[in-house]
Amino acid sequence: ASGKVNPSSVTDLRMWQNKGLNPVGQTNVTATTSPQTITCGTSPATLYLYGGTVSNVTRGGATLCNASPCAVPVEPGGTVVVTYSSNPTMRWDVQ
C-alpha cells in the first residue's frame, strides 16, 4: 500500500506490528480527579501504577486491582478507570 494517513482524521485507528513503526515507549500519565478514566492510544499498551492510595482499577467494568503496584494491558482505544484517594504515579508503556 502507498500513501499517507493522517491519524487525527481517522476514527478507531489502530497501529501495531508495522515494519518500521517506532514504538513510543514509556510516557507519564498526569493524575487528575478520581475516579479517572484513562484512554489508550492507537497502539497496545500497559498502564503501570505505583504508589499513592489506589482502591480500584477496572477495565471493561471488571476490577483488575484494588491497590498499587498494578499493571493493566490495554488494547488500542480501550479505557481503564482508576479510583484513588492519594495520587498514584501512572505510566503507559506502549508496545
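**Some remarks on the sheet that holds strand β3 (residues 45–50)**
At step 1: Within the open sheet, the four strands sit side by side as β1-β8-β3-β6. Their pairing is antiparallel. In this open sheet, the two edge strands, each paired with only one partner strand, are β1 (25–29) and β6 (70–74). This sheet shows a mean twist of 25° between the axes of neighbouring strands, independent of strand direction.
At step 2: Pairing of β3 with strand β8 (residues 89–94), which is carried by six bridges, proceeds in the antiparallel orientation. Of the residues in β8, the one forming a bridge with alanine 45 is valine 94.

**Some thoughts on the packing of aromatic side chains**
At step 1: Following the criterion strictly, the structure yields one aromatic pair and no others.
At step 2: Here tyrosine 48 and tyrosine 50 contribute two aromatic rings whose centre-to-centre distance is 6.4 Å and whose plane-to-plane angle is 15°, an arrangement assigned as stacked.

What counts, and at which threshold
Residues numbered from 1 in each chain as written. Predicted model: local features only at pLDDT ≥ 70, side-chain atom pairs only at ≥ 80, totals over all residues. Heavy atoms only, no water. Pairing = 2+ DSSP bridges. Helix = DSSP H or I, 4+ residues; strand = E, 2+ residues; numbered from the N terminus. Axes fitted to C-alpha atoms, helices over the stretch in contact; angles between N-to-C directions. Phe/Tyr/Trp six-rings, centres within 6.5 Å; stacked < 30°, edge-to-face > 60°.

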